[in-house]
Amino acid sequence: MGNSWTQEQLQIFSKADDMYISPFYDDGKTPGTPTWIWSVVADNDLYVRAYNGQNSRWYQSAEKQKAGKINLAGQEYDVFFEPIEPDAALTEKIDQAYKEKYSSSRYLAPMIGKGPVSATVKILPKNE
């Protein structure tokens with residue numbers, strides 16, 4: 001797609017803990033109800049994982065619609081969602097990012113478990 005976040009945006013995103021994700025509904029243009037979600041920056045990309053794995057409603061919408069909106073660090077962005085099957089090296093980088101950012105949370109262990117890992121989504125900006 002050739003779209004990417006700026007280094008400045010990635011720097012801000014790596015610290016922000018206020019992401020809301022809104023994949024589009026089936027009409028492809030109405031954003032769904034915003035869901036608060038953890039986000040991490042790994043390998044110069046923005047990633048999220050579904051806590052409930054592939055059964056998560058937002059994940060299923062993101063996989064189907066491939067687009068929507070996010071609100072992060074006080075800004076709203078039109079984005080593309082790219083569900084991925086991370087290889088071992090990328091999984092390790094994303095796990096590490098979760099460990100660094102959310103080390104004090106009791107939800108960390110589930111987020112680096114098999115279900116959420118299988119529901120990893122790369123978020124790319126939809127450049128105007």
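Here's what I pulled together on the structure shown here. Since we're looking at a predicted model, the values are computed, not measured.

Thresholds, definitions, all that
Residue indices begin from 1 for each chain and proceed along its sequence in written order. Selection of residues for local features in this predicted model requires a pLDDT of at least 70, selection of side-chain atom pairs for listing and counting requires 80 or more, and totals for whole chains, interfaces and linings are taken over all residues. No hydrogens and no water enter the side-chain calculation; it runs on all heavy atoms of the structure. Think of it this way: any DSSP run of H or I at least four residues long counts as a helix, any run of E at least two long counts as a strand, and we number them from the N terminus. Radius of gyration: over C-alpha atoms. The globule rule applied is 2.2 Å multiplied by the number of residues raised to the 0.38 power. When a residue's accessible area, from a 1.4 Å probe over protein chains only, is under 20% of the maximum for its type it is buried; when over 50% it is exposed; and in between it is partly exposed. The contact rule is simple, with two residues in contact once any of their heavy atoms fall within 4.5 Å. Per-residue and other accessible areas were derived by the Shrake-Rupley procedure at a 1.4 Å probe size, with only the shown protein chains allowed to occlude residues. In this charge count, Lys and Arg are treated as positive and Asp and Glu as negative; neither His nor the chain ends contribute. Each charge is placed at NZ for Lys, CZ for Arg, CG for Asp and CD for Glu. At least two bridges found by DSSP between two strands are what make those strands a pair. A helix is expected to span 1.5 Å for every residue after the first. Think of the arc as the fan of directions from the helix axis to the C-beta atoms. We define a polar contact as two N or O atoms separated by no more than 3.5 Å, with the added condition that, inside protein, one atom must be a possible hydrogen donor and the other a possible acceptor, whereas residues neighbouring each other in sequence contribute only through side-chain atom pairs. We call a set of buried Ala, Val, Leu, Ile, Met, Phe, Trp, Tyr and Cys residues a nonpolar core when their side-chain atoms join them within 4.5 Å.

## Comments concerning the overall build of the protein
Looking only at helices and strands, the protein has five helices and seven strands in total. Of the regular secondary structure in the protein, the N- to C-terminal order runs α-β-β-β-β-α-β-β-α-α-α-β. For 128 residues, the compact-globule estimate of 2.2 N^0.38 gives 14 Å, and the protein sits close to it at 13 Å. If you line up the protein on its principal axes, its C-alpha atoms span 35 × 35 × 25 Å. Counting over 128 residues, the protein shows a buried share of 43%. For the protein, the proportion of contacts with a sequence separation of at least 24, taken over those separated by at least 6, is 68%. Accessible surface for the protein amounts to roughly 7100 Å². Of this, 48% is attributable to carbon and sulfur atoms. Each charge sign in the protein was given a centre, from 14 positive and 17 negative side chains, and these centres are 4 Å apart.

## Describing the sheet that holds strand E2 (residues 35-36)
As summarised here, the arrangement of the seven strands in space is E2-E1-E5-E6-E7-E4-E3, forming an open sheet in which the pairing is antiparallel. For this open sheet the edge positions go to E2 and strand E3 (39-42), each flanked by a neighbour on one side alone. Relative to strand E6 (residues 75-84), strand E5 (residues 67-72) is paired through six bridges, and the arrangement is antiparallel. If you follow Lys69 over to E6, its bridge partner there is Asp78.

## Examining helix H3 (residues 88-101)
Compared with the 20 Å implied by 1.5 Å per residue over 14 residues, the 20 Å span of H3 between its first and last C-alpha is a close match. The set of residues buried in H3 consists of Leu90, Thr91, Ile94, Asp95, Ala97 and Tyr98. Taken around the axis of H3, the buried residues stretch over an arc of 160°, which confines them to a single face. Those residues of H3 that are exposed and angled more than 90 degrees off the buried face are Ala88 and Glu100. If you follow the buried residues of H3, they end up packed against E3, strand E4 (45-49), E6, helix H4 (108-111), helix H5 (114-118) and strand E7 (120-125). The N-terminus of H3 is capped by Asp87, whose side-chain oxygen sits 3.1 Å from the backbone nitrogen of Ala89.

## Description of the nonpolar core
Grouped together as the largest cluster of nonpolar side chains are 21 residues, with contacts concentrated most on Trp5, Trp58, Ile70 and Ile123. Counting only elements with at least two residues in this core, the list comes to helix H1 (7-15), E4, helix H2 (57-65), E5, E6 and E7. Once you skip the residues sitting within four places of it in the chain, Ile70 turns out to touch Trp5, Met19, Tyr20, Ile21, Leu46, Gln75, Glu76, Tyr77, Val79, Phe81 and Ile123. One finds Trp38, Ala42, Ile84 and Tyr102 within the second-largest nonpolar core, a separate group that totals twelve residues.

## Thoughts on the pairing of E5
Summarising the sheet, strand E1 (residues 20-23) and E5 pair through four bridges and their orientation is antiparallel. When the bridges of E5 are listed, Pro23 appears paired with Gly68.

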